[in-house]
Amino acid sequence: MSQRDFDLIVIGAGSGGVRAARVAANHGARVAIAEEFRVGGTCVIRGCVPKKLYVLASRFRDAFDDATGFGWSVEPPRFDWSRLVAAKEKEITRLEGLYAQNLEKAGVELIRQRAVVEDGATVRFADGDTARTKTILIATGGAPVMEPRIPGIELGISSNEIFDLPAFPKRLLVIGAGYIAVEFAGVFGRLGSETHMAFRAELPLRGFDLDLRKRLAAAMIQDGVTLHAAAPPIALEKTSGGLRAHLANGAEIEVDVALAATGRRPATAGLGLEQAGARLRENGAVIVDARARSSAPSIHAVGDVTDRINLTPVAIREGQAFADRLFGGRDVEVDYDSVPSAVFSTPEIGTVGLTEEEATQRFAEVAVFATA
Ligand code: NDP
């Protein structure tokens, strides 16, 4: 068993962790980063990046439709799911390599193993090795939840599995109507699946502006997605040809695949944080202050594992600020006001600041400018 010493050990090589590790090393710190899965984290490996590739793939349908009007002759287009999956895999493998290379260039030691916190100054790796460190940064992100807890939910899949389905689903049920549900329902609907989205609200994207939600619902219907509003599934069962979903409004639908897109939960199980003195919220999120400090003096956390604003650019900003503060002598804090977000539906939705409904509650007079 060997023993090593670092200034910083980062657990989790996703967007926030990689940025923090690189910047800290560039500031002269001795840094290691541990990753049990693939370098790049959710965004690069099974989130934003592959999702955007699939969104782009789904939009060729319109381009083929339009092409003839612009003088092109197009053979009847054919879509091959396995070729898309292979192309996606090639691209994320390339990006994963770049992330690892950049860590190496910065002088960060990449440890491709699960790591857990033994105490505030010791990290233990899966092979039994330990390392000593002055600071630990938890950047383990989150994982999809399989909700709602209805009979048969285990027959469904999560957004982790949807990217690599062995066969293209001819019929797909998406459960939920948040970011992931809307994006994947759009992708598969446009790629040619008979797509259903079943959710408990009246419109998709709860919390967004009402006019955006209505326009998105109309665009999805136009794309052939069947919206089952106020009708979440109450049971899933296996049939000889696939799955049958029973919806709260009494409807039954037959599909090949059911995707639970009903939120994500911070990945802290078994990390040893509570024994080391870091307090967690009930859902497992590491409780941190504005400077990413947990209740254990040497343990910090950034990104989705803190369950504040769960967006890649926020995790990157938090990782950068953490490293600049601790190792770069800069007194910086992250400004969480007016964080923009984008939903990669077709068409896309971009928002920043208050929704109209929030503004109306807060101010006596609200001016609304709209363009078609
Ligand atoms: P969201 O929180 O966006 O949406 C969850 C959806 O699941 C909602 O429609 C919610 O319904 C529904 N839901 C939750 N629990 C239940 C339940 N028990 N029964 C029925 N329905 C339920 O989560 P996502 O999984 O879509 O995404 C996770 C996070 O990942 C996002 O919050 C976002 O931070 C990030 N993300 C960002 C993207 C981007 O920036 N483009 C893309 C993808 C993910 P209700 O509205 O009724 O509560």
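Residues numbered from 1 in each chain as written. Predicted model: local features only at pLDDT ≥ 70, side-chain atom pairs only at ≥ 80, totals over all residues. Heavy atoms only, no water.

Chemist: For this particular structure, what's the right way to read the overall build of the protein chain?
Modeler: Looking only at helices and strands, one finds nine helices and 18 strands in the protein chain. Burial analysis of the protein chain (372 residues in total) assigns 48% to the buried set. Contacts spanning at least 24 positions in sequence make up 62% of the contacts within the protein chain whose residues lie at least 6 apart. If you sum the accessible surface of the protein chain, you get close to 18500 Å²; carbon and sulfur atoms cover 52% of it. (Helix = DSSP H or I, 4+ residues; strand = E, 2+ residues; numbered from the N terminus. Buried < 20%, exposed > 50% of the residue type's maximum accessible area, 1.4 Å probe, protein only. Contact = heavy atoms within 4.5 Å. Areas by Shrake-Rupley, 256 points an atom, 1.4 Å probe, with all protein chains shown as cover.)

Chemist: What am I meant to see in the state of the cysteines here?
Modeler: Note on terminology: a disulfide is the covalent bond linking the sulfur atoms of two cysteines. Following the criterion strictly, the structure yields one disulfide and no others. A sulfur-sulfur distance of 2.2 Å marks the disulfide that ties C43 to C48. When the S-S torsion is -140°, as for the bridge of C43 with C48, the disulfide is left-handed. Just as C43 is buried, C48 falls in that class too. (Disulfide = S-S within 2.5 Å.)

Chemist: Sorry, what's going on with the sheet that holds strand β9 (residues 194–198) here?
Modeler: Each strand in a sheet pairs with another by means of backbone hydrogen bonds, the pair being arranged parallel or else antiparallel. The strand order across the open sheet formed by four strands is β10-β9-β8-β14, and the pairing between neighbours is parallel. With partners counted over all chains shown, the strands left at the sheet margins are β10 (226–228) and β14 (257–260), one partner each. Going from strand to strand, the sheet's axes swing by 20° on average, the running direction of each strand aside. When strand β8 (residues 171–175) meets β9, the two strands line up parallel, connected through five bridges. When the sheet's bridge partners are listed, L172 is paired in β9 with T195. (Pairing = 2+ DSSP bridges. Axes fitted to C-alpha atoms, helices over the stretch in contact; angles between N-to-C directions.)

Chemist: Looking at this structure, I do not really get the nonpolar core. What am I missing?
Modeler: Soluble globular proteins tend to pack their nonpolar side chains together in the buried interior. Core analysis: the biggest nonpolar cluster contains 33 residues, and I162, V174, M197 and L259 have the highest contact counts within it. Among the secondary structure elements, those contributing two or more residues to this core are α3 (48–67), α4 (81–106), β8, α6 (179–191), α7 (210–222) and β14. The biggest single contributor to this core is α6, with seven residues. If you look at the next biggest cluster of nonpolar residues, it comprises 24 residues, including A32, V123, I136 and I138. (Core = buried A, V, L, I, M, F, W, Y, C linked by side-chain atoms within 4.5 Å.)

Chemist: What is the right way to read the site of the ligand from this model?
Modeler: Residues in contact with the ligand amount to 19 residues; listed here are only the nearest, A177, R206, G263, N310 and A342. Y179 is positioned with one of its backbone polar atoms (N or O) 3.3 Å from an oxygen atom of the ligand. Backbone polar atom of G263 to an oxygen atom of the ligand: 2.8 Å apart, as the coordinates give it. The element that contributes the greatest number of residues to the shell around the ligand is α6, accounting for three residues. Here the residues of the shell around the ligand are counted per class, giving eight nonpolar, five polar and six charged. (Near = heavy atom within 4 Å. Polar contact = N/O pair within 3.5 Å; in protein donor to acceptor, adjacent residues only side chain to side chain. Nonpolar A, V, L, I, M, F, W, Y, C, P; charged D, E, K, R; others polar.)

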